[in-house]
Amino acid sequence: MPATVGAAPDLVAVIGNTPMVELRRLAPHDGVRLFAKLEGNNPTGSVKDRVARAMIESALADGSLQPGQTILEPSSGNTGISLAMIGSRLGHPVRIVMPDNTTPEREQLLRLYGAEIVFSPGAEGSNGAIRMAQSLADADSRLFMPYQYGNEANPRVHFDTTGPEILEQVPEIDVFVAGLGTGGTLTGVGRFLKRARPGVRIIAAEPLPGEGVQGLRSLDEGFVPPVLDESVLDDKYLVTNRDAVIGLRRLLRDEGIFAGLSCGAAVAVAVRVAREMETGTVVVLLADGGWKYLSADLWTRDLDELEVELEGSLLW
Ligand SMILES: Cc1ncc(COP(=O)(O)O)c(C=O)c1O
């Protein structure tokens, strides 16, 4: 076949290398520059494309995943969707254990990519999905569970790709802010940046206990993911549901960025950190786009009404 110039061989090959944009209107004062890494620009719309690809490739390389073997994973959305896309391209059936109270868009996308969904009780949150997936995997040795919470390929792909991209795009970075879910992003990017640019601060955006912003977790609720290296965290800032929705709305209104709910939480923390600095450069990672949250109408509804209606829902 003749060589093509500038075309990727496959969708999986264009994962990563996401854009970095300056948030000039959200920066709280002139001394500080604020930048956002747009992970929603990945093929299935989230940072988890990097992780899903890395976990599958490393499992195929070390033989723990055999050709055609079924992949099972607990996920409240993004990782499951990424695994479903990549798994279907490589001929692996994908089964996702997902709480039954997430947005319908997640279920629609998983089904479009051909995944099977096993619902876990919504009231038990993502920890309930993890428990159910573990017992399914224990009962059937033919299933392969990548388990992003404990898989070293998760932080490693951020060390190898996300971190270097950030440093190349914003070499003067002083502070990195991201939401904490599995801790893979903060651990991998944090390890890379601390080695490459000593003095850089790594800050986690964490929901208050009981306020589960989709994709994020509070370490105070008892489960500390094995991949999280807490020694790279310089600080963690707590965010309320309200902060997350306000952050999400300001991203759209002030910067034109249509992002997911955890991005609202992360940007709320980034602005808070920037406000406390006299000078410097802050980079915030925005984990996904807003598409999977459209049905919840987070952008236009009355805030108090939203808070009441979504209380207890996994979206929060
Ligand atoms: C929407 C969203 N934001 C943030 C995160 C947190 O990323 P990490 O798992 O790398 O901590 C996740 C995943 O867990 C997520 O799905």
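Trainee: Pulling in residues and values, what's your account of the site of the ligand?
Mentor: Close to the ligand lie 16 residues; Lys48, Gly181, Thr182, Thr185 and Ser262 are nearest. Here an oxygen atom of the ligand sits 2.7 Å away from a polar atom, N or O, in the main chain of glycine 181. Taking threonine 182, its side chain carries an N or O atom lying 2.6 Å from an oxygen atom of the ligand. Protein contacts shield 94% of the accessible area of the ligand, which totals 380 Å² for the unbound molecule. A per-class count over the shell around the ligand returns four nonpolar, ten polar and two charged.

Trainee: So what's going on with the nonpolar core? Residues and values would help.
Mentor: The tendency in soluble globular proteins is for nonpolar side chains to be buried side by side. The biggest cluster of nonpolar side chains holds 41 residues, and the ones touching the most others in it are Leu23, Leu251, Val282 and Val284. Ranked by the residues each element gives to this core, the list is headed by helix H8 (residues 261-276), at eleven residues. Valine 282 has contacts with Val32, Arg33, Leu34, Phe35, Val175, Val177, Ala270, Ala274 and Met277, leaving out every residue within four places of it along the chain.

Trainee: Explain the side chain of serine 82 to me, using residue names and the numbers behind them.
Mentor: Tracing the backbone through its elements, the reader meets serine 82 in helix H2 (residues 78-90). Assessed through its relative accessible area of 0%, serine 82 is described here as buried. If sequence neighbours within four positions are ignored, serine 82 has contacts with Thr44, Ser46, Lys48, Asp49 and Ala52.

Trainee: Mind laying out the pattern of salt bridges, listing which residues take part and the relevant values?
Mentor: For the coordinates displayed, the defined rule picks out 20 salt bridges. A salt bridge links lysine 37 to glutamate 165; the shortest N-O distance between them is 2.8 Å. Residue lysine 37 is located in strand E2 (residues 32-38), and its partner glutamate 165 is located in helix H5 (residues 153-169); the two are separated by 128 residues in the primary sequence. Exposure class is identical for lysine 37 and glutamate 165. Each is buried. The salt bridge partner of arginine 301 is glutamate 305, with a shortest N-O separation of 3.3 Å. When its relative accessible area of 18% is taken as the criterion, arginine 301 is described as buried.

Trainee: Tell me about the domain arrangement of the protein, residues and numbers included.
Mentor: Splitting the protein by domain gives domain 1 (11-46 + 161-307) and domain 2 (48-144). Taking only C-alpha atoms, the centre of domain 1 and the centre of domain 2 are 24 Å apart. If you look at the interface, domain 1 gives 27 residues, while domain 2 gives 21 residues. Carbon and sulfur atoms supply 47% of the area buried between domain 1 and domain 2, which totals about 1,900 Å² over both sides.

Trainee: Describe the sheet that holds strand E4 (residues 94-99), and please don't skip the residues or the numbers.
Mentor: Strand pairing in a sheet relies on backbone hydrogen bonds, with the paired strands running either antiparallel or parallel. Taken in spatial order, the four strands make up an open sheet running E5-E4-E3-E6, and their pairing is parallel. In this open sheet, the two edge strands, each paired with only one partner strand, are strand E5 (116-120) and strand E6 (143-144). Sheet topology places strand E3 (residues 70-74) next to E4; four bridges connect them, and they run parallel. Looking at E4, one finds that leucine 72 is bridged to arginine 95. Of the strands in this sheet, E4 and E5 touch helix H3 (residues 104-112), which is tilted by about 150° from E5. Against the sheet, helix H4 (residues 125-139) makes contact with E3, E4, E5 and E6, and its axis sits at roughly 145° relative to E4, the strand it touches most.

About the criteria used
- Residues numbered from 1 in each chain as written.
- Predicted model: local features only at pLDDT ≥ 70, side-chain atom pairs only at ≥ 80, totals over all residues.
- Heavy atoms only, no water.
- Near = heavy atom within 4 Å.
- Polar contact = N/O pair within 3.5 Å; in protein donor to acceptor, adjacent residues only side chain to side chain.
- Areas by Shrake-Rupley, 256 points an atom, 1.4 Å probe, with all protein chains shown as cover.
- Nonpolar A, V, L, I, M, F, W, Y, C, P; charged D, E, K, R; others polar.
- Core = buried A, V, L, I, M, F, W, Y, C linked by side-chain atoms within 4.5 Å.
- Buried < 20%, exposed > 50% of the residue type's maximum accessible area, 1.4 Å probe, protein only.
- Helix = DSSP H or I, 4+ residues; strand = E, 2+ residues; numbered from the N terminus.
- Contact = heavy atoms within 4.5 Å.
- Salt bridge = Lys/Arg side-chain N within 4 Å of Asp/Glu carboxyl O.
- Domains from an automatic or database assignment.
- Buried area = accessible area lost by both parts, 1.4 Å probe.
- Pairing = 2+ DSSP bridges.
- Axes fitted to C-alpha atoms, helices over the stretch in contact; angles between N-to-C directions.

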